[in-house]
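Now for the letters of each chain:
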Amino acid sequence: MGGGMFLTAVLLVAGIIILFKTVRMVPQGYEWTVERFGKYTHTLDPGLHFLIPVVYGVGRKVNMMEQVLDVPSQDVITKDNAVVKVDGVVFFQVLDAAKAAYEVSNLEIAMIALVQTNIRTVIGSMDLDESLSGREAINAQLLNVVDHATNPWGVKVTRIEIRDIQPPRDLVDAMARQMKAERDRRAVILEAEGHRQSEILRAEGEKQAAILEAEGQKEAAFREAEARERLAEAEAKATQMVSEAIAQGDVQAINYFVAQKYVEAFEKLATAPNQKFVLMPMESSGIIGSIAGIAELAKDALGKQQSAPRGGNQPPPPRPTFPAGS
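Residues numbered from 1 in each chain as written. Predicted model: local features only at pLDDT ≥ 70, side-chain atom pairs only at ≥ 80, totals over all residues. Heavy atoms only, no water.

Draft legend 1. Here's a closer look at the packing of aromatic side chains. For the coordinates displayed, the defined rule picks out one aromatic pair. The interplanar angle of 50 degrees and the centroid separation of 5.5 Å between the aromatic rings of Tyr40 and Tyr102 together place this pair among those described as tilted. With Tyr40 in strand β3 (residues 39-44) and Tyr102 in helix α2 (residues 97-102), the pair connects residues that are 62 residues apart, well separated along the chain. Over the ring of Trp32 we find Lys61; its NZ or CZ atom is 4.4 Å from the centre of that ring. Across the ring face of Phe91, the terminal group of Arg159 is positioned such that the distance to the ring centre comes to 5.1 Å. (Phe/Tyr/Trp six-rings, centres within 6.5 Å; stacked < 30°, edge-to-face > 60°. Helix = DSSP H or I, 4+ residues; strand = E, 2+ residues; numbered from the N terminus. Lys NZ or Arg CZ within 6 Å of the ring centre and 35° of its normal.)

Take a look at the structure:
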């Protein structure tokens, strides 16, 4: 009786184990490889599957979702012999579960080693300044190389990002001093350019002012010459008119002409700036006589105008009157 119950219990346990080995449920986002006596046969997709126990078994459970892999920090020597610490992250996705399971022993360790090696290669071919400012170029080169290298493993590398490039502290201080010196140099250059521009503008203004002043002087000289020319023409015309009057027997024109010149000369003498007082070696009655001659000339002209319509005999011309003392 006791032996029968033990055998029943053993068979029950064996049945439960066989049932679990037969019925397999693959979760979403995973794929399982199936092996027959240790050899890969096919891959199980997400869902419910049945396997023959003992003959078939589950080999590897592969994550088919996109995964993130941290790349540890490492020291890298740049082209100009600067030592920097570099780390990053890798985004990848398994596309072929069988290749990922059987083409490489440890997928994550292999990918980390591959990325670190290529980081040293890419950054080692760049200067420090280029590596600090060209992360996009570094990421693109790494992605191209690593994705091509992991293709036989059934893996698609979607993105590689350099997370940090950290130079040594003394190098950072030297870069800060260099940046400050460069900014100071630019400030000096900008200040010099501003001063140069202001000098150019001031010189241009002075040039324009000199040109305008010269043009003004030229115009004034032209106007003055034109005035002198007109004055000379008037003088010539007046002289001609006096000559014609004398030729016609009108001696009063001589009195007018001489009196006008006399008054003008006396005016210039009186208004000269270098004279403090004026010595007059002539009698003042000369000027009065000249003015009287002008008045007599005006009366004579008025008398001619009044007697001209009557047609009577013309009186004889008066004798010319000259200023006293001349």
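Draft legend 2. Molecular detail of the sheet that holds strand β6 (residues 67-77). Spatially, three strands are ordered β6-β7-β8 in an open sheet, and the strand pairing comes out antiparallel. Strands with a single pairing partner mark the edges of an open sheet, and in this sheet they are β6 and β8 (155-166). Neighbour-to-neighbour, the strand axes of this sheet turn through a mean angle of 20 degrees, independent of strand direction. Here helix α3 (residues 107-124) sits on the sheet and contacts β6, β7 (83-94) and β8; the angle it forms with β6, its principal contact strand, is near 40 degrees. (Pairing = 2+ DSSP bridges. Axes fitted to C-alpha atoms, helices over the stretch in contact; angles between N-to-C directions. Contact = heavy atoms within 4.5 Å.)

Draft legend 3. Geometry of the sheet that holds β3. Spatially, three strands are ordered β3-β2-β5 in an open sheet, and the strand pairing comes out antiparallel. Each edge of the open sheet carries a strand with a single partner, namely β3 and β5 (56-63). For this sheet, the mean angle separating the axes of adjacent strands, direction not counted, is 30 degrees. Pairing geometry for strand β2 (residues 30-36) and β5, over six bridges, is antiparallel.

Draft legend 4. Up close: the packing of α3 against helix α5 (residues 135-150). One can describe the packing of α3 onto α5 by two numbers: an axis separation of 10 Å at closest approach and a directional angle of 140 degrees. Taken together, the axes of α3 and α5 are oblique relative to one another. In the packing of α3 onto α5, the handedness of the crossing is right-handed. Note on element contacts: α5 touches α3 through Ile138, Gln141, Leu142, Val145, Val146, Ala149 and Thr150, opposite Met111, Leu114, Val115, Asn118, Ile119, Val122 and Ile123. (Parallel < 35°, antiparallel > 145°, perpendicular 65-115°, else oblique. Left-handed = near helix turned anticlockwise from the far one by under 90°.)

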